[in-house]
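# A look at the structure
Here are the chains, one letter per residue:
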Amino acid sequence: MSVLFHSRTLLPGAILTLLFTAAALISLVWVPYDTTVLDIANRMKPPSWLHPFGTDQFGRDILSMIMVGARTSIAVALVAVGIGMAVGVPLGLAAAGRKGGLMDEIIMRANDLVFAFPSLLIAVMITAVFGASALNAIIAIGIFNIPVFARLTRGAALSLWNREYILAARVAGKGSARISLEHILPNVANLLIVQGTIQFSLGILAEAGLSYVGLGAQPPTASWGRMLADSQTMISLAPHLALFPGLAILLTVLGLNLLGDGLRDSLDPKLRRART
């Protein structure tokens, strides 16, 4: 455990990540105010003891909205990254196991095709067919994550296939699929975990961006991106409407990036030896 916290970025990243994860989990059972109830008489109130972050244009408590919005952002990004890893990692392992073959070529060209379409464009196409929703945002972000993990896994796996213990496994009669599961995947897991945290932060940014343009979570579901979009015409009258959701996005993404950097520094044996 002490080795993990040699990194200067791991602890602050973990604290920020745990803070917003805790807010999301607490919002499942309790929030200061009901985010579905409008209180027009108290609209756009500045921060106070009753409302630490103030109220929005509908009189809803911004702190409560941010807590529920954390749940939305984390859920969307987590499921989307899970989709990317669940599909991309096996594809990357399969491509590496058949380097130069037909399967490798098909997988990598398909990855190039997906990379040609940004997640926002994929979301627009999905929305045009199925309508805007958090589910479609998850699908769009998840599809964009697949080639990221496929390329990363393939590149890391290729560097292992000529190792002596892999050659010994082949001599023992193990097939490519079994070697990939038993020997390759455990040795690239650390790299995948680090990349997962980075993609998680990018997923939160993507969800906020999609909600900002109306392609993500729809009202009355709270979303940080939707809060920013709703506040842009009133920012001169009530700057706190944009300040607090913007800080929530900034600190969450910063925390995840610091966590990813810290995990990379702690789990990479080369960097660990360099520090010692």
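Residues numbered from 1 in each chain as written. Predicted model: local features only at pLDDT ≥ 70, side-chain atom pairs only at ≥ 80, totals over all residues. Heavy atoms only, no water.

A word on the overall build of the chain. Regarding its fold elements, the chain presents ten helices and zero strands. When the helices and strands of the chain are listed from N to C terminus, the series reads α-α-α-α-α-α-α-α-α-α. Its C-alpha atoms give the chain principal-axis dimensions of roughly 75 × 50 × 30 Å. Classification of the 276 residues of the chain by burial places 45% in the buried group. Expressed as a percentage of contacts within the chain between residues at least 6 apart in sequence, the contacts between residues at least 24 apart total 68%. Here the chain has roughly 14,000 Å² of accessible surface; of this, 70% comes from carbon and sulfur atoms. (Helix = DSSP H or I, 4+ residues; strand = E, 2+ residues; numbered from the N terminus. Buried < 20%, exposed > 50% of the residue type's maximum accessible area, 1.4 Å probe, protein only. Contact = heavy atoms within 4.5 Å. Areas by Shrake-Rupley, 256 points an atom, 1.4 Å probe, with all protein chains shown as cover.)

So, about the environment of A208. Within the element layout of this structure, A208 appears in helix α7 (residues 176-212). Taking the relative accessible area as the measure of exposure, A208 reaches 7% and is therefore buried. Taking the C-alpha atoms as reference points, A208 and L251, 43 residues apart in sequence, are found 13 Å from one another. Setting aside residues no more than four positions away along its own chain, A208 makes contact with G225 and I249.

This brings us to the packing of aromatic side chains. A full pass over the atoms with the stated rule returns three aromatic pairs. Centroid distance F20 to W224: 5.9 Å. Interplanar angle 75°. Geometry classified as edge-to-face. Remark: W224 occurs in helix α8 (residues 224-231) and F20 occurs in helix α1 (residues 10-26); sequence separation between them is 204 residues. Here the two residues F20 and W224 agree in accessibility, since each one is buried. The interplanar angle of 90° and the centroid separation of 6.1 Å between the aromatic rings of F115 and F144 together place this pair among those described as edge-to-face. Placement of the pair is F115 in helix α3 (residues 102-115) and F144 in helix α5 (residues 134-158), with a sequence separation of 29 residues. Using a relative accessible area of 33% as the deciding quantity, one classes F115 as partly exposed. (Phe/Tyr/Trp six-rings, centres within 6.5 Å; stacked < 30°, edge-to-face > 60°.)

Formed by 38 residues in total, the largest nonpolar core has its most connected members in I66, W161, I184, F200, I204 and W224. Of all the secondary-structure elements, those providing two or more residues to this core are α1, α2 (62-97), α5, α6 (164-171), α7, α8 and α9 (240-267). The element that contributes the greatest number of residues to this core is α2, accounting for eleven residues. Dropping the residues within four chain positions of it, I66 is found in contact with F53, W224, M227, F244, P245 and A248. The next biggest cluster of nonpolar side chains, apart from the first, holds twelve residues, and it includes V76, A80, A140 and L215. (Core = buried A, V, L, I, M, F, W, Y, C linked by side-chain atoms within 4.5 Å.)

We now examine α2. The periodicity of an α-helix, 3.6 residues per turn, causes residues three or four positions apart to be oriented the same way. When the terminal C-alpha atoms of α2 are compared, their 51 Å separation across 36 residues agrees well with the 52 Å that a helix rising 1.5 Å per residue should span. The largest bend along α2 reaches roughly 25° and is located at G88, with the proline P90 sitting one to four residues downstream. (Expected span 1.5 Å × (residues − 1). Bend = angle between axes of the 7 residues up to and from the residue.)

Here S266 is to be found in helix α9. Within the structure, the side chain of S266 is placed 2.9 Å from the backbone oxygen of G262, a separation counted as a polar contact. (Polar contact = N/O pair within 3.5 Å; in protein donor to acceptor, adjacent residues only side chain to side chain.)

Where charged atoms from two side chains of opposite charge come close, those side chains can pair. Summed over all chains, the structure comprises nine salt bridges. For K174, the salt bridge identified is with E182, shortest N-O distance 2.9 Å. On the accessibility criterion, K174 (22% relative accessible area) is partly exposed. What makes E182 partly exposed here is its relative accessible area of 38%. Among the charged side chains, a network of salt bridges with common partners joins E105, R109, D112 and R151. (Salt bridge = Lys/Arg side-chain N within 4 Å of Asp/Glu carboxyl O.)

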